[in-house]
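# Coordinate analysis (summary)
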Amino acid sequence: MADLRSAPPPEVGEADHVRGLAGDPLVIEYADYECPYCAQTDLLLRDLAVRRVFRHFPVPSKHPRARVLAAAAEAAALQGRFWEMHDALFADQSRIDDPHLWERARRLHLDLDRFERDRRSEAVAERVAGDFRSGVRAGVVTTPTLFVEGKLHAAVPGPELLEHLIGGAG
Amino acid sequence: MIEAGTPAPDFMLPDQDGNEVSLESLRGQTIVLAFYPLDFSPVCTDQLNVYQEILPELERAGARLYGVSVDSAFAHKAFQRELGISIPLLADFHPKGDVARRFGVFNEERGISQRALVLIGPEGIVDWSHVSPSPLEIPGANLIFDALEYAAAA
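Let us look at the structure shown here. (Residues numbered from 1 in each chain as written. Chains lettered and ligands numbered in written order. Predicted model: local features only at pLDDT ≥ 70, side-chain atom pairs only at ≥ 80, totals over all residues. Heavy atoms only, no water.)

### Let's talk about the pattern of salt bridges
Under the counting rule described, the total for this entry stands at 26 salt bridges over all chains. With its nearest N and O atoms 2.7 Å apart, the salt bridge here joins Arg19 of chain A to Asp87 of chain A. In this pair, Arg19 of chain A is assigned in strand β1 (residues 17–19) and Asp87 of chain A in helix α3 (residues 82–91), connecting sequence segments 68 residues apart. Arg19 of chain A sits in the partly exposed class, given a relative accessible area of 24%. Look at Asp87 of chain A and you get partly exposed, because its relative accessible area is 23%. Arg67 of chain A is the partner of Glu53 of chain B in a salt bridge, and the nearest nitrogen-oxygen pair spans 2.5 Å. Placement of Glu53 of chain B in helix α1 (residues 42–53) and of Arg67 of chain A in helix α2 (residues 66–77) is noted, with the two residues assigned to different chains. For Glu53 of chain B, a relative accessible area of 16% gives the class buried. Assessed through its relative accessible area of 42%, Arg67 of chain A is described here as partly exposed. Connected through shared salt-bridge partners, Arg19, Glu29, Asp42, Arg46, Arg52 and Asp87 of chain A make up one network. (Salt bridge = Lys/Arg side-chain N within 4 Å of Asp/Glu carboxyl O. Helix = DSSP H or I, 4+ residues; strand = E, 2+ residues; numbered from the N terminus. Buried < 20%, exposed > 50% of the residue type's maximum accessible area, 1.4 Å probe, protein only.)

Written as structure tokens, this is what we have:
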């Protein structure tokens, strides 16, 4: 139980998926590929000059495919294509069955056999669970949840937060 | 809100299957009561979904989690099925909100419980309690583990 006690979200580490420039404001994001509000947040953040860290927070009782999709993104990451898979998943949340995942993997020129093996592997499941645990510890209860300068923002970022992020970049 | 160190008021409530659950029958176990406003309201849905994910860790920590709201056992059954969760839900239905009231978390004006967490030790004493400042604010599951750790160390 010790690993679920309160702690701030972990610092950006080697294992994290990071996008954006080092000098830009840091946004740590806990989200789930089956969550429509997360897709909306992804669109909003995509246009901003921010440094994004994406961590998985799948809640299968709400989104039955969430964990499978997170694992697919991690399997793509093992072939160096995390963000490409991330974008492809958010781009079409109505197509999230296994054949749709294979189609995405093919389009990204992934080694399909390896992708299949990896996305079902213990290591990938543990990688996703580790993100979830760190989110729970940091008080995440809903997706999307963003951490900006250590402060927790639940739900889709509103105008105030977006302006703050734009301001921070200028 | 009931304070830590006080004996928890005894209660007897039906769960989603109509089984009577009383505090007395749970003696010897660590109990977490999660009071929430209503079944099917969107925010509660997130709360119980996330709590469902931490059930294995809670069990490992020796604690049993119960959801409590003023909904009926039948509504609880439907809600449980809708979410696909196994957390037992207690119906504080008749007299409405009586248990929430005795724990000091009933919102008389709105006729529903506040969002609150109560940790009850094996002896039936409240070890920790927390009420959300707003019904929209969900207490993070981390608080439950903090409280369990604290109670274990005490």
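### Considerations on the side chain of Gln52 of chain B
Residues and elements named next belong to chain B. Relative to the helices and strands, Gln52 is located in helix α1. For Gln52, a relative accessible area of 16% puts it in the buried group. Engagement of the side chain of Gln52 in a polar contact is seen with the backbone nitrogen of Ile87, the distance being 3.4 Å. (Polar contact = N/O pair within 3.5 Å; in protein donor to acceptor, adjacent residues only side chain to side chain.)

### What about the environment of Ser129 of chain B?
Residue and element names in this part refer to chain B. Along the chain, the position of Ser129 falls in strand β9 (residues 126–131). Sequence spacing of Ser129 and Ala116 is 13 residues, and the spatial spacing of their C-alpha atoms is 7.3 Å. In this structure Ser129 touches Met1, Ile2, Glu3, Ala4, Leu117 and Val118, once residues within four positions along its chain are discounted. Here Ile2 takes part through its backbone oxygen, which lies 2.6 Å from a polar atom of the side chain of Ser129. (Contact = heavy atoms within 4.5 Å.)

### Regarding the pairing of strand β4 (residues 63–69) of chain B
All names here are of chain B. Taken across its seven residues, β4 has six buried, putting it largely inside the fold. One ladder, built from three bridges, connects β4 with strand β5 (residues 89–91); its direction is parallel. When the bridges of β5 are listed, Gly67 appears paired with Leu89. (Pairing = 2+ DSSP bridges.)

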